[in-house]
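Structural features, examined
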Amino acid sequence: MREIRVIGDPVLRTPADPVTDFDRELRRLIDEMFQAMYAVNGVGLAGPQIGVSRRLFVYDIAGRKGHVLNPVLTVDDPEEVTDEEGCLSVPDRQTRLPIYAPVARAAGVTVEGIDRLQRPVRIKARGSLARCFQHETEHLDGKLYVDRLPRNEAREIMLRA
């Protein structure tokens, strides 16, 4: 099983490359991503989180499950909603569980991309699904949720991670 990379690993801070090969290896990678995500009770997982610098993520949240390759995120409703958010790649050093903090995100987004069969994907999302899409897309840009926090809160989390 693929290991979840944690903060400090350079792959998490490097923008991911587009997916260009749509082969058996890609299908296996997506299956392995779901497996790794479920093994740690996650709801979303981006390629860089398992050391694969490719623009793809998987998700299973709010009754929706799927994957998106080469996603482009558009904000439909910029009103910010603040809710607790954690990340599999930012675990507490002692408990190994994600560290949660209040994070403001756009209320509504649309993600567009393709699936593993190169079919178009377009999903409008609100609530926890919108939060997940924003979180995972930021991973593909080399960003973490702690980057959205005030400096002192981010520092406290970094000291625990």
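Residues numbered from 1 in each chain as written. Predicted model: local features only at pLDDT ≥ 70, side-chain atom pairs only at ≥ 80, totals over all residues. Heavy atoms only, no water.

As for the pairing of strand E2 (residues 56–61)
- E2 sits mainly inside the fold: five of its six residues count as buried.
- As paired strands, strand E1 (residues 44–46) and E2 are joined by three bridges and run antiparallel to one another. The residue of E2 that forms the bridge with Ala46 is Phe57.
- Inspection of the sheet shows E2 paired to strand E3 (residues 64–85) by six bridges, in the antiparallel sense. Note that in E3 the partner of Ile61 across the bridge is Arg64. (Buried < 20%, exposed > 50% of the residue type's maximum accessible area, 1.4 Å probe, protein only. Helix = DSSP H or I, 4+ residues; strand = E, 2+ residues; numbered from the N terminus. Pairing = 2+ DSSP bridges.)

Side note on the layout of surface pockets
- One number sums up the size of the largest pocket: a volume of about 490 Å³.
- Looking at the largest pocket, it is lined by 26 residues, and the ones nearest its centre are Val43, Ile61, Glu85, Gly86 and Arg131.
- Contributing elements (two or more residues each) for the lining of the largest pocket: E3, strand E4 (101–114) and helix H2 (127–140).
- A total of seven residues in the lining of the largest pocket trace back to one element, the largest contributor, which is H2.
- Taken together, the residues of the lining of the largest pocket sort by class into 12 nonpolar, eight polar and six charged.
- Quantified by volume, the second largest pocket comes out at close to 280 Å³.
- What lines the second largest pocket is a set of 13 residues, and nearest its centre among them are Glu25, Leu26, Leu29, Val52 and Arg54.
- No other element matches helix H1 (residues 24–39), which puts five residues into the lining of the second largest pocket.
- Among the residues forming the lining of the second largest pocket, the class breakdown is five nonpolar, one polar and seven charged. (1 Å grid on protein atoms, 1.4 Å probe; cavity = no way out; pocket = protein on both sides within 12 Å on 5 of 7 lines; lining within 4 Å. Points joined across faces, edges and corners; volume = space filled by probe spheres on them. Nonpolar A, V, L, I, M, F, W, Y, C, P; charged D, E, K, R; others polar.)

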